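# Structural characterization, general
Here are the chains, one letter per residue:
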Amino acid sequence: MIITPVPTSSHEEIYYVEDAATGLLGYIAVHSTQLGPAAGGLRMRPYQTPQEALTDVKRLSQGMTYKNAAAGLPLGGGKAVIIGDPGRDKTPELLHAFGRAIDTLQGRYFTAEDMGMTPADMAHLAAVTPFVAGLPSGKFASGDPSPITARGIFNAICTAQKHLCGSADLGGVTVAVQGLGHVGWHLCRRLSSAGANLVVADTDDSRISKARTVFEAAAVAPDQIYSVQADIFAPCAIGGILNADTIPQLKVSIVAGGANNQLASAQDGRALHARSILYAPDFVANGGGIINVATEILKISNRAEFVEEKLMALDLTMQAILTQARAENTCPDAVAVATVQAKMARGIA
Ligand code: NAD
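Residue numbers run consecutively from 1 along every chain, following the written order of its sequence. Only residues with pLDDT of at least 70 are given local features in this predicted model, and only at 80 or more are side-chain atom pairs given and counted; all residues enter the totals for whole chains, interfaces and linings. Derived side-chain values reflect all non-hydrogen atoms in the structure, with water molecules and hydrogen atoms excluded from consideration.

- Looking at an unreviewed UniProt entry, the chain carries the name Glu/Leu/Phe/Val dehydrogenase dimerization domain-containing protein, with the source organism given as Parasedimentitalea psychrophila.
- The UniProt entry for the chain carries the following comment under Sequence similarities (unreviewed entry): "Belongs to the Glu/Leu/Phe/Val dehydrogenases family." UniProt positions are given in the numbering used here, feature names are shortened, and annotations may be inferred rather than shown by experiment.

Listed below in structure tokens is the structure:
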């Protein structure tokens, strides 16, 4: 295996990982360890080029620095990506090789699940390194983080709805959900139980059929989800989907979802604000998962209590961000970034 440092001025450390024996190609990025060891998931996607994977890991790891600070966790930001199709290329040997690469950072980076990864995959990594969380079993094992991620997003949706309409009641409210994977599915369950009407899109037709049956959801083609007439848009698939092409199409008053890096750029946050669309910053809305993972990294014994407290605090943070943004007539993501940067300057989460 070859681990090559990638020159960077924006991150503390970035490595390109290559293992000819298993076909492994990937990156590990540590954005910041200012508040503690860097933590953030491992994503496996069929990136078209190594540059695309590098751009993703850099953005995602910076997002984790913000997310962990927003969630009040003594953790820094990091992320890892593997280039490949998880359905075709993922093998125990490839995961072992990547686990050995993570191990060389000696705890400066802890990994967990992200897109394309499962608790069982984390168990493969854990066979060769202790710097992994989201395990299916073990003393502090926290398992699949997505149910708690979805809970935090549901809270964010309710908070945004209350901020805009004076009531958090979602009865009869229409929510357009992009992506019915781990997070999107659990979110749909909560929204449906709260009486919301669902319009869904996914590139996987089998998930659409299931959502039609289970939630009586209406479905649209993946590229139609942006123009659905709805109250709320919940992006729960890929990043960069709020951009110059999609924002003009939106017919909602709130965007609140679980995907990381939803805004293609900071300008897109301003574009949402200019259209009077309330945006719940993603790295605050989707912090539930890392809160759950943190119980394992930090070896928290009263896990349920820790998660409840942190989720409640996260919701208060979201409320404060939306209130400040309204008072300053500015976009919530700018306030959210300033909030976490102030925390980091103080050196405490
Ligand atoms: P997942 O892989 O389980 O699900 C993603 C879903 O999106 C799949 O059903 C996929 O078919 C669908 N999809 C992909 N491209 C699409 C497109 N263009 N249009 C519509 N659907 C599309 O992933 P996940 O764990 O549910 O994560 C979803 C998002 O939430 C990711 O951005 C992830 O980084 C973020 N996130 C996840 C967690 C977590 O706990 N899993 C925590 C925080 C953030």
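After presenting the structure, the write-up continues.
## Overview of the site of the ligand
- Proximity is defined per residue: if any heavy atom of the residue lies within 4 Å of a molecule or strand, that residue is considered near it. Lining the immediate surroundings of the ligand are 25 residues, of which Thr-149, His-182, Asp-202, Arg-207 and Asn-260 lie closest.
- Here Thr-149 contributes a side-chain N or O atom positioned 2.7 Å from an oxygen atom of the ligand.
- Residue Arg-207 places a side-chain N or O atom 2.5 Å away from an oxygen atom belonging to the ligand.
- When the ligand is considered free in solution it has 830 Å² of accessible area, and contact with the protein chains removes 87% of it.
- Numbering of helices and strands starts at the N terminus; helices are DSSP runs of H or I of at least 4 residues and strands are runs of E of at least 2. Those elements giving two or more residues to the shell around the ligand turn out to be helix 5 (146-165) and helix 6 (182-193).
- Class assignment for the residues of the shell around the ligand results in 9 nonpolar, 10 polar and 6 charged.
- All the domain ranges listed were derived from an automatic or database domain assignment. Lining the shell around the ligand are residues from two domains, each supplying at least three of them: domain 1 (2-64 + 76-126) and domain 2 (146-287 + 315-345). Two N or O atoms count as a polar contact when they lie within 3.5 Å, although within protein this holds only if one can serve as hydrogen donor and the other as acceptor, and sequence-adjacent residues are included solely when both atoms are side-chain atoms. In these tables, accessible area is a Shrake-Rupley quantity obtained with a 1.4 Å probe, and a residue counts as shielded only by the protein chains included in the view. When residues are sorted by character, Ala, Val, Leu, Ile, Met, Phe, Trp, Tyr, Cys and Pro go into the nonpolar class, Asp, Glu, Lys and Arg into the charged class, and all the rest, Gly among them, into the polar class.

## Digging into the pairing of strand 5 (residues 42-45)
- With 4 bridges connecting them, strand 5 and strand 6 (residues 76-83) associate as parallel partners. From the neighbouring strand, Arg-45 faces strand 6, where its bridge partner is Ile-83. DSSP bridges decide pairing: two strands pair if at least two such bridges lie between them.

## Remarks on the packing of helix 11 (residues 303-328) against helix 12 (residues 332-346)
- Where helix 11 contacts helix 12, the axes come no closer than 8 Å and their chain directions differ by 120 degrees. Taken together, helix 11 and helix 12 sit at an angle that is classed as oblique. Every pair of crossing elements has a handedness; the one defined by helix 11 and helix 12 is right-handed. Seen from helix 11, the contacting residues are Ile-321, Leu-322, Gln-324, Ala-325 and Glu-328; seen from helix 12, they are Pro-332, Val-335, Ala-336 and Thr-339.
- Across the contact of helix 11 with helix 12, the residue classes break down as 6 nonpolar, 2 polar and 1 charged. Simply put, an axis is a line fit to the C-alpha atoms, just over the touching stretch for a helix, and the angle between two N-to-C directions goes from 0 to 180 degrees. Throughout, the term roughly parallel applies to angles under 35 degrees, roughly antiparallel to angles over 145, roughly perpendicular to angles from 65 to 115, and oblique to all others. Left-handed is the label given to a crossing in which the near helix is rotated counterclockwise from the far helix by less than a right angle, and right-handed is the label when the rotation is clockwise. We call two residues in contact whenever any of their non-hydrogen atoms come within 4.5 Å of each other.

## Some remarks on the sheet that holds strand 11 (residues 232-235)
- Taken together, 6 strands build an open sheet; the order of strands is 10-9-8-11-12-13 and the sheet is parallel. Only two strands of the sheet have a single neighbouring strand rather than two, namely strand 10 (218-219) and strand 13 (278-279).
- Sheet topology note: the strand 12 (residues 254-255)/strand 13 ladder contains 2 bridges and is parallel. Looking at strand 13, one finds that Ile-254 is bridged to Leu-278.

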